[in-house]
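If you want the building blocks of each chain, they are given just below.
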Amino acid sequence: MEWFGVLAICALVAVLLIHTGALRRADNIIHDAFLGLRAHNPDSRLVIVAIDNRSLETLGRWPWPRQTHAQMIDRLTDADVSAAGLDVLFVETSPDDAELAAALRRSGRTCLPMAIDPSGRNGAAWQELLPVPILAGSAAGIGQVNLAADDDGIVRRAPLSIHAAGKRWDHLVTCVLSQAGVPVPEPAPGPRTTPAPLQDLTVTARPIVFTGRQGAFRTVSYIDVLNGEVPAELLRERIVLIGMTGDGQGDR
């Protein structure tokens, strides 16, 4: 009877730990501690073009005209970058879509993002947020940019692929690396690892090995590249990621 009592107490403790998420929190603490001990130098091939506070102050309120992004893509094309990922969603039509589409075709190496909205229309479990057709057809490829944070608000895993209803969406980074000729390993199959709000989709995620704090990767301002103030040698044969770092813009 004593052993049955011990077993019952252990089972109760285990249920409480699982129900309260204490084990998950402990696992995250251990994961973060070991991650901090792991040396990981930034890849010199990567350059971030930051839509930063100074760019927003100079170019005005977001969103910017797509003509501005077309000029940016042409700058990168002239600099002969290996590949580029423009992490800006273009899900609604705009009068200057044709100009941006032409710049994407001239580039031939620029990938655009899409997202999967877990709040689908008319009761659907999810819906695709794709670039407008003229842009989607002109880009080198499309990749999803969904992220889901753990319970403590930290993003520790990147969903390299998402599956649902016979469809598969690979991450934007997969498209960019493919354009740059960098081999991309196939994500190992496994259970769904990304939490809500993607609970109705099958997600193959990979732990993110953080390199360092903001600025660890070579970063230049969007406005400086647009104005031609960044030497072409700094961008030539580099993998360029364009995205938000400005305050209050949400996405990092």
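Above this note sits the structure.
All of these numbers come straight from a predicted model, not from anything done at the bench. (Residues numbered from 1 in each chain as written. Predicted model: local features only at pLDDT ≥ 70, side-chain atom pairs only at ≥ 80, totals over all residues. Heavy atoms only, no water.)

1. Digging into the sheet that holds strand β6 (residues 157-164)
So, point 1. Read from one edge of the open sheet, three strands run β7-β6-β8, paired in antiparallel fashion. Looking along the sheet, the strands with just one partner apiece sit at the ends: β7 (167-170) and β8 (202-207). Within the sheet, the average angular offset between the axes of one strand and its neighbour, ignoring direction, is 20°.
So, point 2. Here β6 pairs with β8 via six bridges, running antiparallel. Pairing of His163 across the sheet is with Thr202, part of β8. (Pairing = 2+ DSSP bridges. Helix = DSSP H or I, 4+ residues; strand = E, 2+ residues; numbered from the N terminus. Axes fitted to C-alpha atoms, helices over the stretch in contact; angles between N-to-C directions.)

2. Details of the nonpolar core
So, point 1. Counting 34 residues, the largest nonpolar core has Leu76, Leu235 and Ile242 as the members making the most contacts within it.
So, point 2. For this core, the elements supplying multiple residues, two or more each, are β1 (46-51), α4 (66-78), β2 (83-86), α5 (97-107), α8 (222-226), α9 (232-235) and β10 (239-244).
So, point 3. Excluding its chain neighbours within four sequence positions, the residues that come into contact with Leu76 are Val81, Ala84, Val225, Leu235, Val240 and Ile242. (Core = buried A, V, L, I, M, F, W, Y, C linked by side-chain atoms within 4.5 Å. Buried < 20%, exposed > 50% of the residue type's maximum accessible area, 1.4 Å probe, protein only. Contact = heavy atoms within 4.5 Å.)

3. Concerning unusual backbone geometry
So, point 1. A cis amide bond links Trp62 with the next residue in sequence, Pro63, at an omega value of 5°.
So, point 2. Tracing the backbone shows Pro63 in the loop between α3 (53-59) and α4.
So, point 3. Phi at Asp80 takes a positive value of approximately 60°, unusual for a residue other than glycine.
So, point 4. Here Asp80 shows up in the loop between α4 and β2.
So, point 5. If you check the backbone angles, Glu237 has positive phi at about 60° while not being a glycine.
So, point 6. Positionally, Glu237 belongs in the loop between α9 and β10.

4. Observations regarding the packing of aromatic side chains
One pair of aromatic rings is described through two measures. These are the centre distance and the angle between the planes.
So, point 1. Counted by the stated rule, this structure contains two aromatic pairs.
So, point 2. Ring geometry for Trp62 and Trp64: centres 5.0 Å apart, planes at 65°, overall edge-to-face.
So, point 3. With relative accessibility at 26%, the residue Trp62 sits in the partly exposed group.
So, point 4. On the basis of relative accessible area, Trp64 is assigned to the buried category, the value being 5%.
So, point 5. Their ring planes at 55° and their centres at 4.9 Å tell us that Trp64 and Tyr222 sit as a pair that is tilted. Pair noted here: Trp64 is in the loop between α3 and α4 and Tyr222 is in helix α8, with a separation of 158 residues, a long-range link.
So, point 6. Taken together through their ring pairs, the aromatic side chains of Trp62, Trp64 and Tyr222 make up a single cluster. (Phe/Tyr/Trp six-rings, centres within 6.5 Å; stacked < 30°, edge-to-face > 60°.)

5. With respect to the state of the cysteines
So, point 1. The final tally for this structure, using the stated rule, is one disulfide.
So, point 2. Across a sulfur-sulfur distance of 2.0 Å, Cys111 and Cys175 are joined as a disulfide pair. Since a negative S-S torsion denotes a left-handed disulfide, the Cys111-Cys175 link at about -80° is left-handed. You can see Cys111 sitting in strand β3 (residues 110-117) and its partner Cys175 sitting in helix α7 (residues 172-179), a full 64 residues away along the chain.
So, point 3. Residue classification places Cys111 among the buried positions, given a relative accessible area of 0%.
So, point 4. The exposure class assigned to Cys175 is buried, which follows from its relative accessible area of 11%. (Disulfide = S-S within 2.5 Å.)

6. Let's talk about α4
So, point 1. An ideal rise of 1.5 Å per residue puts 18 Å on 13 residues; α4 measures up with 18 Å between its terminal C-alpha atoms.
So, point 2. Every buried residue of α4 is listed here: Arg66, Thr68, His69, Ala70, Met72, Ile73 and Leu76.
So, point 3. Phi for Asp80, located one or two positions after α4, is positive at around 60°. (Expected span 1.5 Å × (residues − 1).)

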